[in-house]
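One-letter residues, chain by chain:
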Amino acid sequence: MVDHLPNLGREEIMLKEMGLSSIDELFSDIPEAVRRDSPLNLPAPQTEEEIMVDANRLLGANVAINSRPNFLGAGLYENYVPSMVVAMATRGEFLTAYTPYQPEVSQGMLQALWEFQTMVSELVALPVSNVSMYDASTAAAEALNCAVRVHNKKATQKNVVYVTEWLPEHRLSVIENYSCGAETEIRTLKWDDNGMVDLKSAEAAHGCCAVYVEQPNPFGVIDENLAELKQIIGENTALVVGVNATSLGVLEAPGNWGADIVVAEGQPFGIGPTAGGPIYGIYACTEKYLRQMPGRIVGKTFDDKGKDAFTLTLSTREQHIRRHKATSNICSNETLIALMGGIHMALLGPIGLQKLALRNAAACQVTMAGVLAIEGVELLFTNGASYNEFTVVLPGSAKGALDYLDKLGVTAGLALCDVMSGADEAWLHITATDQTTNEDVAALVGGLKSWISSTVMAVGS
Amino acid sequence: MSDLFAFDGAPEAGYAQPSPLLSDEEAIAGIPESIRRKSLPRWPRASEPELVRHYTWLSRRNFGIDTGFYPLGSCTMKHNPRVNEKIVQMAGMNDLHPLAPASHLQGLMAIFYEMQEMLAHCAGMDSVTLQPVAGAQGEFAAIRCIQEYHRSNGEGSRDKVIVPDSAHGTNPASAAMCGYQIIEIPSNENGRLDLGALRAVVGDDTAAMMVTNPSTLGIFEPEIAEATEIVHNAGGQMYYDGANFNAILGKTSPGLMGFDAVHYNLHKTFSQPHGGGGPGSGPIGVKSHLAQFLPKPLVVREEDEHGLDGWTYSWEDPVNSIGKVQQWHGNSGAVVRSWAFYRRYGRDLEKMSEHAVLNANYLRHRILNPSEELASKISAMPIDGAPARVVKHEFTLSMSPVKDATGVSGKDVAKRLLDYGYMAPTLYFPMIVPECLMVEPTETESKEVLDKFAEDFLTILTEDPELVKTAPHTTDVGRVDEVWAARNLVLRHSLGE
Ligand SMILES: Cc1ncc(COP(=O)(O)O)c(C=O)c1O
């Protein structure tokens, strides 16, 4: 028997009051021809306790990344979210509300989101932030669309954007799908031998609508050339930067080196990797892009007695008013996860952010040193520094190494050929975060050594 | 007022962290000097006890379903079962990586598979992907599949998508994002699909038509089968906006109505909490001819005696997939919550729809048929947004007669309802109903709540118009000046600058 229907058993009284005698009469407007002729072929209802048994069995069969040494990241990171973040964000008044269309009874969420906008603005050093996109990839894709709307008129390369080479499929494919509407042509921006944007060939992008780069790049390399890029592409081309959010505790904010739009995966602030969702995309920009940006924005204002108040604003950009001329189709977004992110940021504070970034930086360096000490393993890009992640060339197939280490209880990273077209089978992407320990690194290094001696060397001899 | 940026404690006031693997000096030495951050963001400096007060204070200034009745039409604000929250906090959910080997994700994939099958069955579709993370993204993904389908048939020249004028704004916006031209057709005088208007625009340039049924007026389209036939005969595809799916489970299905593709809103029908604006989840289902274009990957399974409950699950890419619309596999957490919700009902999802429809019709009846005593005090009554013998899970009221008689607008009544402790109904949507209030009670409200709401709603119509026009009076803030907000654009804290 289902237990969340308060009017079970009162159907008759309610029907009678309406002058009806059966539930079927309520559905008599559905034409005979399209009615189901058999009931739903689904199992019987379960009680909460039975659901918990199944949930425990099924989810218990999964392997949580933090239950063993883990080096898989690539845009979604093992992290620790302080307990109070979830406790506060899942208070029923936040959890069970919807879009604050009635600001008079939604000041709490509106203020929390306005505070979130402020913290994001400070983090990336740009004046405007929205309240979230679906994820980093849709944020990047919508940023490029926004830039086309802003710049196409004056662009000398109309409907053209440039993105750096070697974007993983989970970024590039989303960008391609979202580019259908404007029929944007996506061209490739080349790197130099260090995995950094080749400033000479970047001149080709001058006069296009937007250039999209990532910091660090998808291999984990910190790109030291980016600060010069805006000068090269010019005032009338948007510099869109996809940034690793926690890195901004140690890396310069993109708004301070020319970025016009900054997007990021917000997940490390606020929520675990949660199998890839719900997470949230950060989207921030200069005022120039404000009226063409996607998503919801909160503004401060006053009530009829002059009291401070908050409200959604600039909704004339949005689908419910502008319909097919809207800047985006986004409606429901990732508000609650952004709220979690905001609470996490507030709890860290500036010094906590810096510490978190230094923990990530340290873990990356320690892991890299351990792995590079193994004979036969080399960095893909040897001259740059890395944050959070780095890519090595193995003396054999990365997938083979992953399988071997998996059996030893180590999740060793990602075979880039699985997510990047053209990537070599030997490229292994390794992520270390604030959660990585020396013991984890030892397990990874030991496992890789053992794989090399037992598998690669055996085949070689 | 509690101001987050007024917290100005010790530099290290916040969350204490374990020691890093290297000293700070060593770690920072690994970051190129030219690109090191020079000044930190001016985030607050607060301790946990201070922040718990701040966010608790904020939460008390916010209205959710837990606070009270939330009849926000088209949004299906039903109760959110708490066990669902407990389940997604389990390590076997919260700490999963989507790119981990499939052997690490078997339990999650079993749930995905069950949800793909269940959603396909309920909607009469052949194939389902759980990747889109909101209704709008589902629309976008499905229209992209339809676009690729036409292209693969050499009919890429079909460049128009038809939407009724009662459609939600995401429908035309999503189709436009695929590059389609939008043809909006008027509804007939009863707010129903106008087949004459449809015939007039349909043709060999029609790529698809997008329809919500029950419509955004809460009414089942009597001529839906004829509409799908007209579009199909012209070579177009039929897209079903599943925002109102809560009304029809077990009674009919988009498949039976002739649709080729649908999206589901798990945050409506399947109780994923709305979270103040999201996250949602917008899976799409398609008939077999569109399945090869779905976003990748889907979950498939094979019998395996060593597998989980006798099965091994794996990812499979549809052969002509449009690729990805979300970065990973969708809002998995929302899918798992919705799975727990579905398990609570099982085949009684039909009962859920029955009660959603029962509650809507009952509330409509109570509002449109006031007691004699109340009726004698009301100078003008709202009227049905569209005539209907029965409605489905929601109904619309036009407040025009009230506005004409007393000057009190739909917005005024909505704001006055806040004083009575309710969330306001959806306001001024669909656009075809003048002074529209759209009311959706959902199946999880009791008769007592519905009775009381109807009485309070009608009482407002007896009140001094001035009192209603200046409402709300008892909320945390009075009527908010939205015009000032849009003119002045104060989008962040000044931090004293
Ligand atoms: C009828 C209708 N269609 C589509 C949508 C869009 O769904 P979402 O907000 O999940 O993107 C909504 C949601 O509000 C809706 O009511």
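What you see is a predicted model, and the numbers here were worked out from it, not measured in a lab. (Residues numbered from 1 in each chain as written. Chains lettered and ligands numbered in written order. Predicted model: local features only at pLDDT ≥ 70, side-chain atom pairs only at ≥ 80, totals over all residues. Heavy atoms only, no water.)

## Some thoughts on the sheet that holds strand S12 (residues 414-415) of chain A
Residues and elements named next belong to chain A.
Part 1 of the argument: Read across the sheet, four strands follow the order S10-S11-S13-S12 without closing on themselves; strand pairing throughout is antiparallel. The open sheet has two edge strands with one neighbour each: strand S10 (378-379) and S12.
Part 2 of the argument: Sheet topology note: the strand S11 (residues 389-393)/strand S13 (residues 427-431) ladder contains five bridges and is antiparallel. Within S13, the residue paired with phenylalanine 390 across the bridge is isoleucine 430. (Pairing = 2+ DSSP bridges. Helix = DSSP H or I, 4+ residues; strand = E, 2+ residues; numbered from the N terminus.)

## So, the pairing of strand S11 (residues 395-398) of chain B
Residues and elements named next belong to chain B.
Part 1 of the argument: Alternating residues of S11 divide into Phe395 and Leu397 and Thr396 and Ser398, and every residue in both groups is buried.
Part 2 of the argument: Across two bridges, strand S10 (residues 383-384) lies against S11 in antiparallel orientation. Among the inter-strand pairings, isoleucine 383 is bridged to a residue of S11, identified as serine 398.
Part 3 of the argument: Where S11 meets strand S13 (residues 436-439), four bridges bridge the pair, whose relative direction is antiparallel. Within S13, the position partnered with leucine 397 by the bridge is leucine 437. (Buried < 20%, exposed > 50% of the residue type's maximum accessible area, 1.4 Å probe, protein only.)

## Observations concerning the sheet that holds strand S7 (residues 284-286) of chain B
All names here are of chain B.
Part 1 of the argument: Strand order in the open sheet formed by seven strands is S1-S7-S6-S5-S4-S2-S3, with mixed pairing between adjacent strands. The open sheet has two edge strands with one neighbour each: strand S1 (127-129) and strand S3 (181-185). Each strand axis lies, on average, 20° off the axis of its neighbour in the sheet, ignoring direction.
Part 2 of the argument: Where strand S4 (residues 206-212) meets strand S5 (residues 237-242), five bridges bridge the pair, whose relative direction is parallel. Looking across to S5, one finds that methionine 210 is bridged to tyrosine 239. (Axes fitted to C-alpha atoms, helices over the stretch in contact; angles between N-to-C directions.)

## Observations regarding the pairing of strand S3 (residues 185-189) of chain A
Residues and elements named next belong to chain A.
Part 1 of the argument: Pairing geometry for strand S2 (residues 160-164) and S3, over five bridges, is parallel. When the bridges of S3 are listed, tyrosine 162 appears paired with arginine 187.
Part 2 of the argument: For the handedness criterion, the β-α-β arrangement of S2, helix H8 (residues 169-178) and S3 is classed as right-handed. (Right-handed = clockwise from strand over helix to strand, strands pointing away.)

## Here's the deal with the site of the ligand
Part 1 of the argument: Near the ligand you find 15 residues, and of these Ser332(A), Ser74(B), Gly135(B), Asp241(B) and Lys268(B) are the closest.
Part 2 of the argument: Chains contributing residues near the ligand are chains A and B.
Part 3 of the argument: Between an oxygen atom of the ligand and a side-chain N or O atom of Ser332(A), the distance comes to 2.6 Å.
Part 4 of the argument: Lys268(B) has a polar side-chain atom sitting 3.0 Å from an oxygen atom of the ligand.
Part 5 of the argument: If the ligand stood free it would expose 380 Å²; the protein chains cover 98% of that surface. (Near = heavy atom within 4 Å. Polar contact = N/O pair within 3.5 Å; in protein donor to acceptor, adjacent residues only side chain to side chain. Areas by Shrake-Rupley, 256 points an atom, 1.4 Å probe, with all protein chains shown as cover.)

## A look at the interface of chain A and chain B
Part 1 of the argument: Taken together, the contact pairs 187 residues of chain A with 203 residues of chain B.
Part 2 of the argument: Of the roughly 17,300 Å² buried at the junction of chain A and chain B (both faces included), carbon and sulfur atoms supply 62%.
Part 3 of the argument: Broken down residue by residue, the surface that chain A buries against chain B is led by Tyr98(A), Glu104(A) and Arg323(A), which jointly contribute 5%.
Part 4 of the argument: Where chain A touches chain B, the interface holds 14 salt bridges.
Part 5 of the argument: Notably, a salt bridge pairs Lys355(A) with Glu12(B), separated by 3.1 Å at the nearest N-O pair.
Part 6 of the argument: Our count for the contact surface shared by chain A and chain B stands at 96 residue pairs in polar contact (both at pLDDT 80 or more).
Part 7 of the argument: With 25 residues, helix H11 (residues 335-372) of chain A is the single largest residue contributor to the side of chain A that touches chain B.
Part 8 of the argument: Class assignment for the residues of the side of chain A that touches chain B results in 96 nonpolar, 54 polar and 37 charged. (Contact = heavy atoms within 4.5 Å. Buried area = accessible area lost by both parts, 1.4 Å probe. Salt bridge = Lys/Arg side-chain N within 4 Å of Asp/Glu carboxyl O. Nonpolar A, V, L, I, M, F, W, Y, C, P; charged D, E, K, R; others polar.)

## Looking at unusual backbone geometry
Part 1 of the argument: Between Lys296(B) and Pro297(B) the backbone carries a cis peptide bond, its omega angle lying at -5°.
Part 2 of the argument: Position of Pro297(B) relative to the elements: it lies in the loop between helix H11 (288-291) and strand S8 (298-308).
Part 3 of the argument: The peptide bond linking Phe429(B) to Pro430(B) adopts the cis configuration, its omega dihedral lying at 0°.
Part 4 of the argument: Within the secondary structure, Pro430(B) sits in the loop between strand S12 (426-427) and S13.
Part 5 of the argument: A positive phi angle, near 70°, is found at Asn388(A), a position not held by glycine.
Part 6 of the argument: Mapping Asn388(A) onto the fold places it in the loop between S10 and S11.

## Quick notes on the side chain of His4(A)
Part 1 of the argument: Tracing the sequence through the fold places His4(A) in the segment before helix H1 (11-17).
Part 2 of the argument: At a separation of 3.1 Å, a polar atom in the side chain of His4(A) contacts the side chain of Arg344(B).
Part 3 of the argument: Excluding residues that lie within four positions of it along the chain, His4(A) makes contacts with His79(B), Pro81(B), Arg344(B), Tyr345(B), Glu443(B) and Thr444(B).

## Quick word on the domain arrangement of chain A
Residue and element names in this part refer to chain A.
Part 1 of the argument: Under the domain assignment, chain A is made up of domain 1 (72-78 + 351-460) and domain 2 (83-346).
Part 2 of the argument: Between the C-alpha centres of domain 1 and domain 2 there is a distance of 29 Å.
Part 3 of the argument: Between domain 1 and domain 2, the residue contacts involve 29 residues of the former and 30 residues of the latter.
Part 4 of the argument: Together, Leu76, Phe381 and Tyr387 form the three largest contributors to the area buried by domain 1 at its contact with domain 2, with a combined 29%.
Part 5 of the argument: Taken together, domain 1 and domain 2 are joined by zero salt bridges.
Part 6 of the argument: In this assembly, domain 1 and domain 2 are joined by ten residue pairs in polar contact (both at pLDDT 80 or more).
Part 7 of the argument: If one sorts the elements of the side of domain 1 that touches domain 2 by residue count, H11 sits on top with six residues.
Part 8 of the argument: For the side of domain 1 that touches domain 2, the class distribution of residues is 17 nonpolar, eleven polar and one charged. (Domains from an automatic or database assignment.)

## Here's the deal with the side chain of Glu78(A)
Residue and element names in this part refer to chain A.
Part 1 of the argument: Relative to the helices and strands, glutamate 78 is located in the loop between helix H3 (48-60) and helix H4 (83-89).
Part 2 of the argument: In this structure the side chain of glutamate 78 is engaged in a polar contact, spanning 2.9 Å, whose partner is the side chain of asparagine 70.
Part 3 of the argument: Setting aside chain neighbours within four positions, we find glutamate 78 in contact with Ile65, Asn66, Asn70, Thr433, Asp434 and Gln435.

## Focus on the pattern of salt bridges
Part 1 of the argument: Scanning the entire structure with this criterion turns up 50 salt bridges over all chains.
Part 2 of the argument: In this structure, Lys38(B) and Glu252(A) form a salt bridge, with 2.9 Å as the shortest nitrogen-oxygen distance. Placement of the pair is Lys38(B) in the loop between helix H1 (24-29) and helix H2 (48-59) and Glu252(A) in the loop between strand S5 (238-244) and strand S6 (261-265), with the two residues belonging to separate chains.
Part 3 of the argument: In this structure, Arg416(B) and Asp419(B) form a salt bridge, with 2.7 Å as the shortest nitrogen-oxygen distance. Note that Arg416(B) and Asp419(B) are positioned in helix H16 (residues 410-419) at a spacing of three residues, about one turn of the helix.
Part 4 of the argument: Exposure remark for Asp419(B): the relative accessible area of 15% places this residue in the buried category.
Part 5 of the argument: Three or more residues are tied together by salt bridges with common partners; here these are Asp54(A), Arg57(A), Glu114(B), Asp309(B) and Arg343(B).

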